[in-house]
Amino acid sequence: MPTVLIIDDNAAVAIALDVLFSLHDIDALRAASPEEGLALLERSQVDLVIQDMNFSADTTSGEEGAGLFRQIRKRHPDLPVILLTAWTHLDAAVDLVKSGAADYLSKPWNDNRLIATVTNLIELGQANRALQQRVRRERRQRRELENGFDLRGMVWQDPATERVLHLACQVARADVPVLISGANGTGKERIADIIQANSLVADGPFVVLNCGALPAELIEAELFGADAGAYTGASKAREGKFEAADGGTLFLDEIGNLPLAGQMKLLRVLETGRFERLGSNRERQVKVRVISATNADLPAMIRAGTFREDLFYRLNLIELRIAPLAARPADILPLAASFLGAGKSLHPGAEAALLAHGWPGNVRELKNVIARASLLASGAVIQAADLGLPAAAAPALEVEPDRDVISGALTRAGGVVAQAAAELGLSRQALYRRMERLGIARPG
């Protein structure tokens, strides 16, 4: 249950507020002086303070209230404070609101407005505390990642990326296949490199094969090697990627491009560690950790008969899904800064343009855009025009939310007005005004 601290030397006022709050499931603490109020704040969990502006008899200047407010703000900078004021010192209350007070109410107050204001501020405070807790948790998790693992210089800020990194580091030391899925340019190879760097075979080779960059008839030779004469142009024996990766990690990018014959042989290697070079009957044995990646829909390929289901489940013991860059917007500006040329910086307009762009080419596109802008910009500060990005579409005209829209937002927010207002792009006061106009009661 939320708690409000009432600081007022008038016992009748304090009791009336206490009774009013008790009718709305809000606890109240009472203090008759600034000193008593500050002491209660130090030893009690309080969600909001309501304070008078004068405490000494025959004093109407409001200076005592201003001094109390400054003490509260100094000791508890995030605690909302509502000022109770008479018309004679309204200007002083307005000045304090400009300095950070949450609101002011004139005596005698309107019960409905007071309860609405208090409830609103308590909800906002709870939302802010939840946000602060999440930020602290994310910072702690980031420190644990950075201090506990080799992240190969990975740049990120978005929680979606951090979740992938956590899972990658968690499974790195397990000797199991990992499948990394995501669109082209999202950084799948970087994640594979991080897994290798934190694995039990970190000192072994890290060999990369892009299955989509070779003709189908050459992929098997690249994977398993070939004896001399195994195919046209094979004038001498050559080792394949599995032999090169023995004792380390083999990263198979675009695994969906592997032909069915190669899929069957890959499955056998994963199960036994044995294979033959093309044109050879001699069996070879290797110990290789396989990480694969794809931008293809492998389940759809299985249904179409172009990818083996048994191989999919063998590769897919652990799957890491990397979101497209547009779905992790907090990564955009840190990545852009890491790609900037020496002595270059981004103008705020350029940053806004980067955030507004859809990034169909993901991180690879962002890197190219920044590299080009760093070379072509006439000055040290890169402007929006230097990026060469298409102009963002004009924002749609705002539509006044109707009764159904507001009711739906309140339902999704569980009755928390602050969250519903944020979803609708309104201030809490603006949402309350619309609720009153439309006759919408706050969910209980």
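Preceding this section is the structure that the text describes.
Just so it is clear, the model here is predicted, and its values are computed rather than measured. (Residues numbered from 1 in each chain as written. Predicted model: local features only at pLDDT ≥ 70, side-chain atom pairs only at ≥ 80, totals over all residues. Heavy atoms only, no water.)

## Quick word on helix H18 (residues 428–438)
We apply this condition: Only protein chains enter the accessibility calculation, which uses a 1.4 Å probe; a residue is then buried when its area is under 20% of its type maximum, exposed when over 50%, and partly exposed in between. Each helix is a run of DSSP H or I of at least 4 residues and each strand a run of E of at least 2, with the numbering of both proceeding from the N terminus. Pairs of residues are marked as contacts when any of their non-hydrogen atoms sit within 4.5 Å.
Of all the residues in H18, the buried ones are Arg428, Ala430, Leu431, Tyr432, Arg434 and Met435. Where H18 is buried, its residues contact helix H5 (111–148), helix H16 (403–412) and helix H17 (417–424). Following H18 by one or two positions, Gly439 has its phi on the positive side, about 75 degrees.

## Examining a nonpolar patch on the surface
Filter applied, for reference: Patch members must show over 30% relative accessible area and no salt bridge, and they are joined within 9 Å when carrying like charges or within 5 Å when they are nonpolar side chains of Val, Leu, Ile, Met, Phe, Trp or Tyr. Shrake-Rupley sampling with a 1.4 Å probe provides the accessible areas, and residues are treated as covered by the protein chains on show and by no other component. A pairing counts as a salt bridge when a side-chain nitrogen of Lys or Arg comes within 4 Å of a carboxyl oxygen of Asp or Glu.
A cluster of nonpolar side chains, contributed by Ile15, Val19 and Leu23, occupies part of the molecular surface with about 290 Å² of accessible area. On the secondary structure map, Leu23 appears in the loop between helix H1 (11–22) and strand S2 (27–31). Judged by its relative accessible area of 65%, Leu23 falls in the exposed class.

## Regarding the sheet that holds strand S5 (residues 103–106)
Two pairing modes exist for strands in a sheet, parallel and antiparallel, and in both the strands are linked by backbone hydrogen bonds. Inclusion rule: At least two DSSP bridges between two strands are required for those strands to pair. For every element, the axis is a line fit to its C-alpha atoms; helices are fit only across the contacting stretch, and the angle between N-to-C directions ranges from 0 to 180 degrees.
Taken together, five strands build an open sheet; the order of strands is S2-S1-S3-S4-S5 and the sheet is parallel. One side of each edge strand has no neighbouring strand; the edge strands of this open sheet are S2 and S5. Neighbour-to-neighbour, the strand axes of the sheet open up by a mean angle of 20 degrees, direction not taken into account. Relative to strand S4 (residues 81–85), strand S3 (residues 48–52) runs parallel, the two being bridged by four bridges. Paired with Gln51 across the two strands is Leu83, which belongs to S4. The strands that helix H2 (residues 34–43) touches are strand S1 (3–7), S2 and S3; relative to S2, the one it contacts most, it runs at about 135 degrees.

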